[in-house]
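The chain contents come next:
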Amino acid sequence: MANRPSASPLQREPEAADGTIVWYAAADGAVVEKNPQWQAFTGQTQTDYMGLGWLDAVHGDDQEFLKASWLEAVRHAKPLSLRYRLRRHDGEYRHVVAQGAPVVVDGKVVRWVGFVVDATDSLQASEALRVSEERFRVLDEIGGATRHLHEADSVMAVTTRLLGQYLGATRCAYADVDSDSDRFTIRSDYAVDGVASSAGVYSLDLFGPKATSNLRRGRHLVVHDVDQELGFEGGAAMFNAIGIKSIICAGLVKDGQLVAMMAVHQAQPRHWTNDEVHLVSEVVDRCWAHIERVRDAAALREQDARKDEFIATLAHELRNPLAPIKYAVAIASREDVSPTRTVRMLGVIDRQVSLMSRLIDDLLDVSRINRGLIELQPEDSQLDAIVARALEATQVLMDARNHHVSVHVPPGIVVHVDPARMVQVIGNLLTNAGKYTPPGGRVELEVLVENDQLTISVRDNGLGIPHSELGRLFQMFSQLPHTRASAQGGLGLGLALVRKLVELHGGTVRAESAGLDQGSTFTVTLPLSATEPSAPNNPVLPAETMDDGALDRTSKSDGSPRVLVVEDNPDGRETLVTLLQGSGYEVSSADNGHDAIAAALAHQPHLVLLDLGLPGLDGYEVAKALRAQGTTSRLAIIALTGWGSARDLERTREAGFDLHLTKPVEPSELLQLVQAALRRLS
Ligand code: ADP
């Protein structure tokens, strides 16, 4: 369209700047003169562009509308402004803006003049701007909708829904990738109505080897048409089976590991744009970071709760032995105390101090192992001697609980271990079996040698472990609610210690149980670096069994006020009974919840000193039961316990206790409080 008449004011050679072409045309719209700028831009020769020949340089799709618009403007002598694509000399189509106006002399159009400007760059820039604004808007919307969410599954659900809806996808799913096992898990996804969710656990092999290796290297899988682009091996069969024809799967690689993927599925073939792929990639990155934050926060909360629970348990367990120590000291310092009684009280103090030292030793051991400060001193050791030492250390417990212990150790096994630590490992497992099995139970220790491995199993027929809890037993301070009353001063450190010590020996330990009351088996597996035949030792004999004195009642009836002491720690119980008897009370006692109720009915005490953590029924249940019985409903009930948080106090009040005392209470103070409570009754 460039016609430059030679004799007119418009004849001036136009300066073409930044690809601007000035053009001229005759009154009838035909180009009649040469236009070097047009020629330079389009590569058309003068013969090519003369008349309406310039239309040949216009993109085929734009020619028709451009010709019609131009002839229309000419017919009505109206200015025009148009956009179309013009082929440059190098073959590339450029977006141009063309404007033109008629030159009118004496009311007549004498010619046309106008310009064509290459607007490609600015159009592309504004399109890129629009796309990027759109991307930020979507990211912002997802960010706003998920910011307040504190659960990983909700973050996944909201993110995949918003992204899926924005892209108009059939399905959108976020997957956690387990880098150790080649598996990925979709926990929550978005799917349009009528399309099945893809939640589940899958193998990365589904994508085929090439796509999998690309994903691992942080390259996205973009398939516009499954049938055209993926072979059977490459996953076409799998995608067809789930009704998918096109996919974006954006993998997220962190520290060289594929950690997450965001998959967008379409039921029809679809041409995904680069911007869509970028968006999905950006969303998976943000979604993963958010989920990591949420998971870290949850782990911290869990850790914090466990720590709080531990501090409460520690306080409780340290107070528990302190109470009998205080009472024993008070009793032994009385002027009229007999030498036999003094010796018994010293025995109480000795046992309770040992209990506290064991707790503190366990705590220090765990902390030293955690800080890498424990070094094993391995030596070739007779396994049966190690087992015998562990049995010896636990015999008192096994006897007290009347357990039948059986042991099967093949003779002559020599192991290269730290014997003291291995005694600790086996001893801890035996202690647990003894504690968490009701009296009269069976505990079996069995050693097997198989394929260069040594397994030591400790099996019991006790309280068992629910399947869901098996995983957390070996964490520090983990104690299961159903075994709490039987923990006997444990802090939930024993198994953590066992695991660490076994791992230091290059072995593993696992727990199995068919469920509550189904017994448990703990199995230690050690690599057998050295076994040598040696003279068989004397076989290790099962521990002897003994009755557990469950109920100890004193049933004098001399008209003194009657007090019932309920306490499962034998030393705690004895010192309390002695203390109260020494002050003239008629005292009966029980060491568990059921016996406490029986003793209360039989002896009709005026006051009960009631511990809270008890085998069978706990102290709260005992108090409620006593309050509900006509004959015992009005007696004074005092909680005497190691638990002392505000919540514990509230619970005892609710259960009907008159008073909550936290151990240790000064003996004189305790006697005063008992006296005051009895006075209130009369
Ligand atoms: P503790 O015995 O001091 O509580 P452990 O670390 O030895 O601590 O054990 C942790 C928890 O594992 C126990 O509190 C109990 O809930 C459970 N447990 C351990 N051994 C057994 C067992 N043989 N039977 C049932 N539960 C057990």
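Residues numbered from 1 in each chain as written. Predicted model: local features only at pLDDT ≥ 70, side-chain atom pairs only at ≥ 80, totals over all residues. Heavy atoms only, no water.

K.L.:
How would you summarise the sheet that holds strand β20 (residues 607–610) if you had to cite specific residues and measurements?
P.N.:
Taken in spatial order, the five strands line up as β19-β18-β20-β21-β22 in an open sheet, and their pairing is parallel. With partners counted over all chains shown, the strands left at the sheet margins are β19 (586–590) and β22 (659–662), one partner each. Here the average twist between neighbouring strands, direction ignored, is 20 degrees. As judged from the four bridges shared by β20 and strand β21 (residues 636–641), these two strands associate in the parallel manner. Across the sheet, L609 pairs through a bridge with I638, a residue of β21. On top of the sheet, helix α14 (residues 570–582) reaches β18 (562–566), β19, β20 and β21; it is set at about 170 degrees to β19, its chief contact. (Pairing = 2+ DSSP bridges. Helix = DSSP H or I, 4+ residues; strand = E, 2+ residues; numbered from the N terminus. Axes fitted to C-alpha atoms, helices over the stretch in contact; angles between N-to-C directions. Contact = heavy atoms within 4.5 Å.)

K.L.:
Could you give me a rundown of the pairing of strand β3 (residues 93–105), with the residues and numbers involved?
P.N.:
Alignment of strand β2 (residues 80–87) against β3, held across eight bridges, turns out to be antiparallel. In the sheet register, L86 faces β3, and the bridge partner there is R94. Between β2 and β3, which pair antiparallel in sequence order, lie five residues; one of them, G91, sits at a positive phi of approximately 95 degrees. Pairing of β3 with strand β4 (residues 108–118), which is carried by ten bridges, proceeds in the antiparallel orientation. Following the sheet pairing, V103 is matched in β4 by R111.

K.L.:
With reference to specific residues and values, describe the packing of helix α5 (residues 152–167) against helix α9 (residues 274–332).
P.N.:
Helices that pack against each other are described as a pair by the angle of their axes relative to one another and the distance between those axes. Orientation of α5 relative to α9, taken along the N-to-C sense of each, is 165 degrees, at an axis distance of 9 Å. Here α5 is positioned roughly antiparallel relative to α9, judged by the angle of their axes. Considering only the axes of α5 and α9, their crossing is right-handed. Residues A152, V155, M156, T159, L163, Y166 and L167 of α5 touch α9, and the partners they reach there are E276, L279, V280, V283, C287, H290, I291, V294 and R295. Class assignment of the residues belonging to the contact of α5 with α9 gives a composition of twelve nonpolar, two polar and two charged. (Parallel < 35°, antiparallel > 145°, perpendicular 65-115°, else oblique. Left-handed = near helix turned anticlockwise from the far one by under 90°. Nonpolar A, V, L, I, M, F, W, Y, C, P; charged D, E, K, R; others polar.)

K.L.:
Report on empty space enclosed by the protein, specifying residues and quantitative values.
P.N.:
This structure, assessed with the given rule, holds four cavities of 30 Å³ or more. Estimates place the volume of the second largest cavity at around 40 Å³. Around the second largest cavity sit N320, A323, P324, Y327, E567, N569, G572, L576, L640 and K663, which together line it. Of all elements in the fold, only α9 and α14 reach the threshold of two or more residues within the lining of the second largest cavity. Broken down by element, the lining of the second largest cavity gets its largest block of residues, four residues, from α9. Partitioning the lining of the second largest cavity into residue classes produces five nonpolar, three polar and two charged. Inspection of the lining of the second largest cavity shows a minimum of three residues originating in each of domain 3 (317–370) and domain 5 (543–679). (1 Å grid on protein atoms, 1.4 Å probe; cavity = no way out; pocket = protein on both sides within 12 Å on 5 of 7 lines; lining within 4 Å. Points joined across faces, edges and corners; volume = space filled by probe spheres on them. Domains from an automatic or database assignment.)

K.L.:
Pulling in residues and values, what's your account of the state of the cysteines?
P.N.:
The final tally for this structure, using the stated rule, is zero disulfides. Here C249 stays free of any disulfide, with the sulfur of C172 as its closest cysteine sulfur at 10 Å. Classification of C249 as buried rests on a relative accessible area of 1%. Free of any disulfide, C287 has its nearest cysteine sulfur in C172, 9.0 Å distant. Residue classification places C287 among the buried residues on the basis of a relative accessible area of 4%. (Disulfide = S-S within 2.5 Å. Buried < 20%, exposed > 50% of the residue type's maximum accessible area, 1.4 Å probe, protein only.)

K.L.:
Can you lay out the packing of helix α16 (residues 619–628) against helix α17 (residues 646–655) for me, pointing to particular residues and giving the numbers?
P.N.:
Viewed as axis vectors pointing N to C, α16 and α17 meet at an angle of 20 degrees, and their least axial separation amounts to 9 Å. Regarding the angle of α16 to α17, the classification is roughly parallel. Contacts between α16 and α17 involve Y620, A623, K624 and R627 from the first element and D648, R651, T652 and A655 from the second. Grouping the amino acids of the contact of α16 with α17 by side-chain chemistry returns three nonpolar, one polar and four charged.

K.L.:
Break down the nonpolar core for me, with residues and values.
P.N.:
Membership of the largest hydrophobic core comes to 50 residues, with the highest contact counts inside it found for L383, L430, L445, L454 and I456. Here this core takes seven residues from helix α12 (residues 419–435), the largest share from any one element. The residue makeup of this core includes at least three contributed by each of domain 3 (317–370) and domain 4 (379–527). Residues contacting L445, with those up to four places away along its chain left out, are V387, S406, V407, H408, V409, I426, L430, I456, S457 and V458. One finds V138, L149, C172 and A260 within the second-largest nonpolar core, a separate group that totals 32 residues. (Core = buried A, V, L, I, M, F, W, Y, C linked by side-chain atoms within 4.5 Å.)

K.L.:
A description of the pattern of salt bridges should follow, citing residues and the corresponding values.
P.N.:
What the rule picks out here adds up to 31 salt bridges. For the salt bridge of E444 with R459, the shortest nitrogen-to-oxygen distance reads 3.2 Å. In this pair, E444 sits in strand β14 (residues 442–450) while R459 sits in strand β15 (residues 453–460), placing the two residues 15 residues apart along the sequence. Looking at E444, the relative accessible area reads 23%, which means it is partly exposed. (Salt bridge = Lys/Arg side-chain N within 4 Å of Asp/Glu carboxyl O.)

K.L.:
Lay out the side chain of D591 with the relevant residues and their values.
P.N.:
Along the chain, D591 turns up in the loop between β19 and α15 (593–603). Here D591 sits buried without a salt bridge, and the closest side chain of opposite charge, R573, lies 4.2 Å off (N-O distance). Separated by 3.1 Å, the side chains of D591 and N592 make a polar contact. (Lys, Arg positive; Asp, Glu negative; His and termini not counted. Polar contact = N/O pair within 3.5 Å; in protein donor to acceptor, adjacent residues only side chain to side chain.)

K.L.:
Just give me the short version of the pairing of β14, but keep the residues and values in it.
P.N.:
Looking at chain direction, strand β12 (residues 404–408) and β14 are connected through five bridges and run parallel. Each residue of the ladder has a partner; that of V407, found in β14, is L445. Pairing of β14 with β15 involves eight bridges; the strand directions are antiparallel. If you follow V449 over to β15, its bridge partner there is L454. Here β14 hands over to β15 after two residues, with N451 in that stretch at a positive phi of 40 degrees.

K.L.:
Account for α14, naming residues and giving values.
P.N.:
The end-to-end C-alpha separation of α14 is 18 Å, in line with the 18 Å expected for 13 residues at 1.5 Å each. Counting buried positions over the 13 residues of α14 gives ten, a clear majority of the element. Residues of α14 that are buried: D571, G572, R573, E574, T575, L576, V577, T578, L579 and L580. Of the residues flanking the start of α14, the one acting as N-cap is N569, its side-chain oxygen 3.0 Å from the backbone nitrogen of D571. One or two residues past the end of α14 sits G584, with phi positive at roughly 90 degrees. (Expected span 1.5 Å × (residues − 1).)

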